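Each chain is listed here by its residues.
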Amino acid sequence: MSEISLNNGVAIPQLGFGVFQVPPEDTQRIVEDALAAGYRHIDTAAGYRNEAGVGAAIAASGIPREEIFVTTKLRNGDQGRAWDAFQDTREALGLDFVDLYLIHWPVPSQGLYVQAWKELEALYAAKAIRAIGVSNFLSDHLDTLLESADVVPAVNQIELHPSYQQAKLAAKSRALGIAVEAYSPLGQGGDLNGNAVTAVAKAHDATTAQVVLAWHLAAGTIVIPKSVNPSRIRENFAAASLTLTDDELASITALERGARIGSDPAVAAFTQL
């Protein structure tokens, strides 16, 4: 599996496995399936309420801890207590350290994400976290954060798929040395049925999901598809070996239509509690 070097030198597997909306009671089994398929990057969050299952799967896998990259996220309602919230997360995971810890949403109406970032910087300095970053941060949120940050975020995890590419935000993030990570990389399945994707899939005897994931990987984007189906988990992982031509990549890029699926980070204000 290819890796990307973050701005502090930490290597992150480019193709990971997400557990958003995976029921807590199913998480251990599903993450074990993902690890058996070859994934070494697992993405969870306090707000998903399934960190304990992720930790249990890692413990049961027999895979050395240093070979598994674990990302989790600060719950929106915990931005005022980020240090303590991280301790809760570390206990739930049963891990001594976390590889990547993100502020899940900026929630600008709270006015707390800069304060939260300073606590993440302290956790990073204490070596409890190998890299710190943000999620769902728009251009103005990055600007505000960087005015007082001592550590530039390693990652900005954003909604990104062929029909919603956020090209300007992705380019700005990368120009700042911030790696781009895509969630909802398949447009929650909505980007798999277009003629361009199906044509490329047919040409390579691949699934449409593999084609879209290969498009992300070719762009240098970190990507975290999710599935609870063991065969699809394996199929998605196989996207790492699929190479598309420049013309095929361009045909998928041309699917952009500004079709956001998730909440708008400019106004999203849910607590996740």
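Residues numbered from 1 in each chain as written. Predicted model: local features only at pLDDT ≥ 70, side-chain atom pairs only at ≥ 80, totals over all residues. Heavy atoms only, no water.

*Asks:* So what about the side chain of Thr72? Which residues, and what values?
*Replies:* By the secondary structure assignment, Thr72 is in strand 5 (residues 69–74). By relative accessible area, which is 0% here, Thr72 ends up buried. Polar side-chain contacts of Thr72 include one of 2.6 Å to the side chain of Glu51. The residues touching Thr72, leaving out its near neighbours within four places in the chain, are Thr44, Ala45, Ala46, Glu51, Thr89, Leu93, Val98, Leu100, Tyr101 and Leu102. (Helix = DSSP H or I, 4+ residues; strand = E, 2+ residues; numbered from the N terminus. Buried < 20%, exposed > 50% of the residue type's maximum accessible area, 1.4 Å probe, protein only. Polar contact = N/O pair within 3.5 Å; in protein donor to acceptor, adjacent residues only side chain to side chain. Contact = heavy atoms within 4.5 Å.)

*Asks:* Summarise the sheet that holds strand 7 (residues 129–135); cite the residues concerned and give the values.
*Replies:* Reading across from one edge, 3-4-5-6-7-8-9-10 is the order of the 8 strands in this open sheet, with parallel pairing throughout. Both outer strands of the open sheet, strand 3 (17–18) and strand 10 (222–223), are each paired with one neighbouring strand and no more. Here strand 4 (residues 41–43) runs beside strand 5; their pairing, made up of 3 bridges, is parallel. Of the residues in strand 5, the one forming a bridge with His41 is Phe69. (Pairing = 2+ DSSP bridges.)

*Asks:* Summarise the pairing of strand 5; cite the residues concerned and give the values.
*Replies:* Of all 6 residues making up strand 5, 6 are buried, and the element is well covered by its neighbours. As for the winding sense of the linkage, the β-α-β connection from strand 4 through helix 2 (residues 51–61) to strand 5 is right-handed. You can see the chain leave strand 5, run along helix 3 (residues 82–93) and come back into strand 6 (residues 98–103), and the turn it takes is right-handed. (Right-handed = clockwise from strand over helix to strand, strands pointing away.)

*Asks:* Account for the packing of helix 4 (residues 113–125) against helix 5 (residues 139–148), with residues named and values stated.
*Replies:* Between helix 4 and helix 5, whose axes approach to 10 Å, the crossing angle comes to 50°. Viewed along their axes, helix 4 and helix 5 adopt a mutual orientation that is oblique. By crossing handedness, the relation of helix 4 to helix 5 is classed as right-handed. On the side of helix 4, the interface is formed by Tyr113, Val114, Trp117 and Lys118, while helix 5 contributes Asp140, His141, Thr144, Leu145 and Ser148. Grouping the amino acids of the contact of helix 4 with helix 5 by side-chain chemistry returns 4 nonpolar, 3 polar and 2 charged. (Axes fitted to C-alpha atoms, helices over the stretch in contact; angles between N-to-C directions. Parallel < 35°, antiparallel > 145°, perpendicular 65-115°, else oblique. Left-handed = near helix turned anticlockwise from the far one by under 90°. Nonpolar A, V, L, I, M, F, W, Y, C, P; charged D, E, K, R; others polar.)

*Asks:* How would you summarise the environment of Val22 if you had to cite specific residues and measurements?
*Replies:* As for its position among the elements, Val22 is in the loop between strand 3 and helix 1 (24–37). The exposure class of Val22 is buried, given its relative accessible area of 3%. Between the C-alpha atom of Val22 and that of Arg232, which follows or precedes it by 210 residues, the distance is 15 Å. In this structure Val22 touches Thr27, Ile30, Asn50 and Val228, once residues within four positions along its chain are discounted.

*Asks:* Which residues make up the packing of helix 5 against helix 6 (residues 167–175), and what are the values?
*Replies:* Taken N-terminus to C-terminus, the directions of helix 5 and helix 6 make an angle of 20°; their axes are 10 Å apart at the nearest point. Here helix 5 lies roughly parallel to helix 6, going by the angle between them. Residues Ser139, Leu142 and Asp143 of helix 5 pack against Leu169, Lys172 and Ser173 of helix 6. Classifying every residue of the contact of helix 5 with helix 6 by side-chain character gives 2 nonpolar, 2 polar and 2 charged.

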